[in-house]
Amino acid sequence: MSETYLDQKAWGHGLATISHDGSVLDVWYPEPQVGEAPKSDLQWFSPRHLDELAGVDEIRNVRTEVLRCEIDLSLPVSSTQDAYLRLQLLSHLLVQPNSINLEGLIPNLPIVAFTNRGVMSLEEFEKRTITLRNHGVVAHSLDKFPRLIDYVVPKKVRIADGNRVRLGAHLSPGTTVMHEGFVNFNAGTLGSSMVEGRISQGVVVGDGSDIGGGASIMGTLSGGGKEKITIGKRALLGANSGIGISIGDDSIVEAGLYVTAGTKVTLHHDGRTQVVKAIELSGLPGMLFRRNSQNGSVEALAREGVGVELNSELHA
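Not measured: the values here are computed from a predicted model.

## Brief notes about the sheet that holds strand S23 (residues 258-259)
Consideration 1: Taken in spatial order, the five strands line up as S12-S15-S18-S21-S23 in an open sheet, and their pairing is parallel. Of all strands in the sheet, those with a lone pairing partner are strand S12 (182-183) and S23, marking the two edges.
Consideration 2: With two bridges connecting them, S12 and strand S15 (residues 198-199) associate as parallel partners. The partner of Val183 across the bridge, within S15, is Ile199.

## Side note on the pairing of strand S26 (residues 287-291)
Consideration 1: Two elements, strand S22 (residues 252-253) and S26, share two bridges in a ladder whose sense is parallel. Residue pairing for S26: Val253 is matched across the bridge by Phe289.
Consideration 2: Bridge count between S26 and strand S27 (residues 298-302): five bridges; the pairing is antiparallel. Bridge assignment links Leu288 to a residue of S27, and that residue is Leu301.
Consideration 3: Following S26, the chain reverses through six residues before pairing antiparallel with S27; Gly296 in that reversal takes a positive phi of roughly 80°.

## A short note on the environment of Leu87
Consideration 1: Structurally, Leu87 is set in helix H3 (residues 80-91).
Consideration 2: Along the sequence, Leu87 and Leu102 sit 15 residues apart, while their C-alpha atoms lie 9.2 Å from each other.
Consideration 3: Ignoring any residue separated from it by four or fewer positions in sequence, one finds Leu87 in contact with Leu105, Leu109, Phe145, Leu167, Gly168 and Phe185.

## As for the domain arrangement of the protein
Consideration 1: Domain parsing of the protein yields domain 1 (9-110) and domain 2 (148-314).
Consideration 2: Each partner contributes residues to the interface: domain 1 has 17 residues there, and domain 2 has 19 residues.
Consideration 3: In total, about 1,400 Å² of surface goes out of reach between domain 1 and domain 2, with carbon and sulfur atoms giving 66% of it.
Consideration 4: Counting the surface domain 1 buries against domain 2, the share from its top three residues, Ser91, Pro97 and Asn98, is 37%.
Consideration 5: Where domain 1 touches domain 2, the interface holds zero salt bridges.
Consideration 6: Where the side of domain 1 that touches domain 2 is concerned, the elements lending two or more residues are strand S2 (24-28) and H3.

Quick notes on the rules
Residues numbered from 1 in each chain as written. Predicted model: local features only at pLDDT ≥ 70, side-chain atom pairs only at ≥ 80, totals over all residues. Heavy atoms only, no water. Pairing = 2+ DSSP bridges. Helix = DSSP H or I, 4+ residues; strand = E, 2+ residues; numbered from the N terminus. Contact = heavy atoms within 4.5 Å. Domains from an automatic or database assignment. Buried area = accessible area lost by both parts, 1.4 Å probe. Salt bridge = Lys/Arg side-chain N within 4 Å of Asp/Glu carboxyl O.

So this is what it looks like as structure tokens:
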């Protein structure tokens, strides 16, 4: 079954960093837009503040120049400027995770040195070690994906450690990502959430949910899995827990319990018990997943009432 993507165009003026060999290393789009690009001459020209930033950086051996990018969000990624535009559409909350085509994204993102002075090619970073040191230039990562906070400032969001949130993360107002929390690209929150664990690529977390310290949510980048995992509203993943299935509204996974799709679960319902695979319970609301402390079996029970209630002061 083929996936359905947003059938829309997007565009933006961006400041591109270009290496000495003409390769685009990254692009910053201050105001990306969803929809058809304007046709008038006045709107065609790039913003003045971007033009003023264009130039040459001899220390990194790069130049910056303004470009205009127009893309179809239903088609695969075709270039580095295309890839960076899609990631920033996600982080500006203009599109939601899993709603646009990201086929070809990773091959179109070059591995570069992300430094405190901007990006540069790995070749130049290695070659210019002495010059860079003399000018106080240091790298914080060698990667395809940059930090979100170097390109987008999300509104009403707290990020304790910027290195742990990648560009392309979708963080809704009221979200708090603590020091040990991690949010990958094409993943994130749809409302106020506490993130102290790992939100993998493709995972979305509902409003009012809490991803406990050390908790892990399986993504689809590696391992061959195709299941897009969602966390419902007011759900709780206890500390050091993990899931490979979706969790519905007001559901809880107890601390330390890892529930994969194939986990055998003893289901308690209406006075009866039966053993099922966890995937059969995927997405059901009002469930409590726990491990029986006497026999070690994984159990699922229907629970009533709301799940967690976040501290309103922390997520105001």
